[in-house]
Amino acid sequence: LARTALKQLKGPLSDQDKLLLYGWYKQATRGDCHLPAPPASDLKAKAKWEAWTANQGLSRMDAMRAYVAKVEELTRKEAG
């Protein structure tokens, strides 16, 4: 439901919000990241990898809660 609500937001998300949500989503769905860091020259992949690894050790349930809370915050902010 949170993912659907996120897609229905009208305004663009900041890059920081996108990375936070990405990191929590990956942690909730895949667990800890065990992939090697991408090359520094691939800025987008490196940012996504860093967002995911920032949640290392966070339980899947806590990552889901953080994701849902952020989507609710963004929804409230958009509603005014």
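Since the structure is predicted, the reported quantities are computational estimates derived from the model, not experimental observations.

Quick look at the overall build of the chain now. Of the regular secondary structure elements, the chain holds 4 helices and 0 strands. Counting helices and strands in the order they occur from the N terminus, the chain gives α-α-α-α. Put simply, the chain has 80 residues, and 28% of those count as buried. Accessible surface, the chain as shown: approximately 5,600 Å² in total, 57% of it carbon and sulfur. Between the averaged position of the 14 positive side-chain charges in the chain and that of its 9 negative side-chain charges there is a distance of 5 Å.

Moving on, we get to the UniProt feature "domain: ACB" (unreviewed entry) in the chain. Residues given the UniProt feature "domain: ACB" (unreviewed entry) here are residues 1-80. Between the C-alpha atoms that bound residues 1-80 the distance is 21 Å, and the span itself is 66% helix and 0% strand.

Here we take up the environment of Tyr67. Its location among the elements puts Tyr67 in helix H4 (residues 60-79). The exposure class of Tyr67 is buried, given its relative accessible area of 9%. If we skip the residues at most four places from it in the chain, Tyr67 touches Ala2, Arg3, Leu6, Leu21, Trp24 and Tyr25.

Cut-offs applied
Residues numbered from 1 in each chain as written. Predicted model: local features only at pLDDT ≥ 70, side-chain atom pairs only at ≥ 80, totals over all residues. Heavy atoms only, no water. Helix = DSSP H or I, 4+ residues; strand = E, 2+ residues; numbered from the N terminus. Buried < 20%, exposed > 50% of the residue type's maximum accessible area, 1.4 Å probe, protein only. Areas by Shrake-Rupley, 256 points an atom, 1.4 Å probe, with all protein chains shown as cover. Lys, Arg positive; Asp, Glu negative; His and termini not counted. Charge placed at Lys NZ, Arg CZ, Asp CG, Glu CD. UniProt positions renumbered as here; feature names shortened; annotations may be inferred. Contact = heavy atoms within 4.5 Å.

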